[in-house]
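# Coordinate analysis (summary)
Listed here are the chains, written in short residue letters.
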Amino acid sequence: ASATAIFGSRGSNGVILVTTKSGKSGAAQFDVNVSGGVSSVPSSFRVRQLNAQEYVQYYTEKNGGVLPPSLSYWDGKTDTDWQDLIYQNATYQNYNISAHGGSDKINYLLSANYINQEGVIIGEGEKKYSTLLKVDYHASERVKFGLNLAPNISTIERSSPYSDWSSLQAQATLLPPTLPVKRPDGTYAYAGDVTGMYPIGNPLQTAETYKQTYELFRMLAG
């Protein structure tokens with residue numbers, strides 16, 4: 001009730017109180033937890049697109065039944081699914097080790113955590129290292145001192161800007177399926193190879209050449 005009173009009417013549906021774990025009196029105890037998983041982008045969450053045959057048929061019918069000059073480059077076989085090329089099955093790993101113990105006067109909790117999360121888009125992901133130190137000292141029945149320190153470091157990797165047509169998602173959505181990933185000479189193809197098309201980049205080339213890493217440090221103390 002006292003917590004709800006702080007929020008007034010906004011707390012009418014209840015208030016969730018979040019507290020960190022504390023050490024317990026007794027001999028030191030150690031806990032180790034390991035978890036992991038795999039995430040992906042299902043087809044139902046992707047942009048629905050025409051395959052190469054449908055793409056050519058659409059523009060041929062639009063051109064009065066004649067193959068438009070802009071599609072004369074198509075070899076009749078190439079059918080590139082650009083979204084398949086940028087999305088991947090991303091693994092997730094979480095490792096945690098902690099120790100706690102103490103006496104009637106003082107108790108402690110020390111934990112360390114490592115998270116490695118691959119991105120569902122190629123070339124992206126995040127690694128996070130965090131620790132927690134919590135010490136409680138009971139000087140008397142009425143006097144209590146506590147220390148909480150929770151530093152963490154995150155390394156975030158990105159393979160393209162988040163917005164505009166230069167992002168991997170935009171490139172994979174806008175490029176035609178009739179365009180091959182690479183030209184015969186081994187260089188990356190892009191929309192500029194198609195007559196009259198806006199020069200949208202190749203997402204695989206973008207992922208290979210564009211790398212941006214963010215280093216974040218946070219410290220919570222109390």
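Values in this document were obtained by computation on a predicted structure and should not be read as measured data.

A word on the overall build of the protein chain. On a plain count of helices and strands, the protein chain comes out with five helices and six strands. Each helix and strand of the protein chain, ordered N terminal to C terminal, gives the series α-β-α-α-β-β-β-β-α-α-β. Across the 222 residues that make up the protein chain, the buried fraction comes to 30%. Considering only contacts in the protein chain between residues 6 or more positions apart, those separated by 24 or more positions represent 64%. Summed over its atoms, the accessible surface of the protein chain is roughly 14,500 Å², and 56% of this surface lies on carbon and sulfur atoms.

Pairs can form between side chains of opposite charge once their charged atoms are near each other. On inspection of all chains with the given rule, the structure shows three salt bridges. The shortest N-O distance in the salt bridge between Arg158 and Glu124 comes to 3.9 Å. One end of the pair, Arg158, is in strand 5 (residues 144-158); the other, Glu124, is in the loop between strand 3 (106-118) and strand 4 (125-138), with 34 residues separating them in the sequence. The class for Arg158 is buried, based on a relative accessible area of 17%. Asp193 serves as the salt-bridge partner of Arg183, at 3.0 Å between the closest nitrogen and oxygen. One end of the pair, Arg183, is in the loop between helix 4 (168-174) and helix 5 (203-209); the other, Asp193, is in the loop between helix 4 and helix 5, and ten residues separate them in sequence.

On to the nonpolar core, then. Ranked by size, the top nonpolar core spans 15 residues in total, and within it Trp82, Ile86, Tyr87, Leu168, Leu175 and Leu179 carry the most contacts. For this core, the secondary structure elements donating two or more residues are helix 3 (82-86) and helix 4. Once residues lying within four places of it in the same chain are set aside, the contact partners of Trp82 are Ala172, Leu175, Pro176, Pro177, Leu179, Pro180, Val181, Asn202 and Pro203. Within the second largest apolar cluster, five residues are counted, among which are Ala52, Tyr55, Val56 and Leu71.

This part takes up a nonpolar patch on the surface. Nonpolar side chains collect at one region of the surface, where Tyr129, Leu147, Leu149, Ile153, Phe217 and Met219 lie side by side and expose about 550 Å² of accessible area between them. When residues of the nonpolar patch are assigned to their parent elements, the largest contribution, three residues, is made by strand 5. Turning to its location among the elements, Ile153 is positioned in strand 5.

We now examine the packing of aromatic side chains. What the rule picks out here adds up to five aromatic pairs. With 6.4 Å between their ring centres and 20° between their planes, Tyr137 and Phe145 make a pair best called stacked. On the accessibility criterion, Tyr137 (38% relative accessible area) is partly exposed. An aromatic cluster of at least three residues, connected via ring pairs, comprises Tyr55, Tyr58 and Tyr59. Across from the ring centre of Tyr188, 5.0 Å away, lies the NZ or CZ of Lys182, which sits over that ring.

It is worth spelling out the confidence of the model for the protein chain at this point. Predicted coordinates in regions of low pLDDT should not be interpreted in detail. Summary statistics for the protein chain give a mean pLDDT of 86 and a share of 86% for residues scoring 70 or more. Here helix 1 (residues 2-7) stands out as the least confident element of the protein chain, with mean pLDDT 48; helix 2 (residues 52-62) is the most confident, with 96.

With that settled, consider the side chain of Thr178. By the element assignment, Thr178 lies in the loop between helix 4 and helix 5. By relative accessible area, Thr178 is classed as buried at 1%. Only 2.5 Å separates the side chain of Thr178 from the side chain of Tyr73, close enough to count as a polar contact. When near neighbours in sequence (up to four residues on either side) are disregarded, Thr178 contacts Ala52, Tyr55, Val56, Leu71, Tyr73, Trp74 and Thr78.

Rules behind the numbers
Residues numbered from 1 in each chain as written. Predicted model: local features only at pLDDT ≥ 70, side-chain atom pairs only at ≥ 80, totals over all residues. Heavy atoms only, no water. Helix = DSSP H or I, 4+ residues; strand = E, 2+ residues; numbered from the N terminus. Buried < 20%, exposed > 50% of the residue type's maximum accessible area, 1.4 Å probe, protein only. Contact = heavy atoms within 4.5 Å. Areas by Shrake-Rupley, 256 points an atom, 1.4 Å probe, with all protein chains shown as cover. Salt bridge = Lys/Arg side-chain N within 4 Å of Asp/Glu carboxyl O. Core = buried A, V, L, I, M, F, W, Y, C linked by side-chain atoms within 4.5 Å. Patch = residues over 30% accessible without salt bridge, like charges linked within 9 Å, V, L, I, M, F, W, Y side chains within 5 Å. Phe/Tyr/Trp six-rings, centres within 6.5 Å; stacked < 30°, edge-to-face > 60°. Lys NZ or Arg CZ within 6 Å of the ring centre and 35° of its normal. pLDDT = per-residue confidence, 0-100. Polar contact = N/O pair within 3.5 Å; in protein donor to acceptor, adjacent residues only side chain to side chain.

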